[in-house]
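Residues per chain, in single letters:
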Amino acid sequence: MRQAGLLVWHGLQIAASMARPGVKTIEIDRRIECFFVEHDAEPLFKGHPGRVPFPATICASVNDEVVHGIPGDRILREGDILSVDTGCRFDGWCGDSALTFAIGRVAAETQKLLDVTSRTLQIAIEFIPKCKKWSQVAQKMEDYVRKNDFYVVETLVGHGIGREMHEDPQVPNYVSPELLKHYDFELQRGVVIAVEPMVNIGTKRVRVGKDHWTLSTADKSLSAHFEHTLAITEKGLKVLTAPPENDSEKVDLSAYCN
Ligand code: MG
Ligand code: MG
């Protein structure tokens, strides 16, 4: 799973290098798809079943779009934010990760949203090794977002991940009676989950777009999304979609396509 995670990490580095004013979101999608295919990795999002199959390798969600935005001819502008979510399967195993980028200079409130959402994911990474159950981690995440006067999206949650991108358990970024009663889980060795806080400025409510995929905030306020694939191992928590730690983990870029 680390191999898949490294490829996803590198795909998101391609997105980071391209997330500039004047770029179309479809251009980022094409480069990342090409990168995966040239490294024998299968893009996981393309063809994902829904009312219509998802048509692209990345989800590109701009500004008030929360997640599942379809890349297209939209041109990024100074002050926008762009969330890029992508996943691949390599040698039978999956990786899934997302980052939200500032396009050029952004307003202070926008930067705060990015910082708080990214920090919410870091809080999960810090507390998983210290907690027995997921609900304890979710509580820390929810508390932090609330303290900053933002809203955790509840309609969508993280997930187990392995040979398939979406496996049990559900991994919500908030605590509900249902979580505590029905699907809380132990943070024990062997658990591999994609943790993905989605945070909105003005409301937790979201709406599905006419394309049957794009989820946007109900009040058109901005939304950010950060995600990592995390494994609880005998050597502690591993962030499978984090950057390479040493030379043996370097991805061969000789097939890198432009
Ligand atoms: Mg994802
Ligand atoms: Mg995910």
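What comes next concerns the included structure.

Definitions and limits used
Residues numbered from 1 in each chain as written. Chains lettered and ligands numbered in written order. Predicted model: local features only at pLDDT ≥ 70, side-chain atom pairs only at ≥ 80, totals over all residues. Heavy atoms only, no water. Pairing = 2+ DSSP bridges. Helix = DSSP H or I, 4+ residues; strand = E, 2+ residues; numbered from the N terminus. Contact = heavy atoms within 4.5 Å. Axes fitted to C-alpha atoms, helices over the stretch in contact; angles between N-to-C directions. Donors = N, O, S within 2.8 Å, 3.2 Å for Na, K, Ca; no water. Buried < 20%, exposed > 50% of the residue type's maximum accessible area, 1.4 Å probe, protein only.

**Focus: the sheet that holds strand 6 (residues 151–152)**
The sheet built from 3 strands is open, its strands ordered 6-10-13 with antiparallel pairing. Because the sheet does not close on itself, it has two edges, and the strands there are strand 6 and strand 13 (223–225). Sheet topology note: the strand 10 (residues 198–200)/strand 13 ladder contains 3 bridges and is antiparallel. Residue pairing for strand 13: N200 is matched across the bridge by S223. Its contacts with the sheet place helix 3 (residues 108–127) against strand 10 and strand 13, and it is angled at close to 35 degrees to strand 13.

**Thoughts on the coordination of the magnesium ion (ligand 2)**
The protein atoms that coordinate the magnesium ion (ligand 2) are D96 (OD), H159 (NE2), E196 (OE) and E227 (OE), at distances of 2.1 to 2.2 Å. Mapped onto the sequence, the donors of the magnesium ion (ligand 2) take the spacing D-x62-H-x36-E-x30-E. If you look at the magnesium ion (ligand 2) and the magnesium ion (ligand 1), they sit 3.1 Å from each other and are both ligated by D96. One end of the pair, H159, is in strand 7 (residues 158–160); the other, E196, is in the loop between strand 9 (192–195) and strand 10, with 37 residues separating them in the sequence. Exposure remark for H159: the relative accessible area of 6% places this residue in the buried category.

From the geometry alone we can't say anything about function, so treat these as descriptive.
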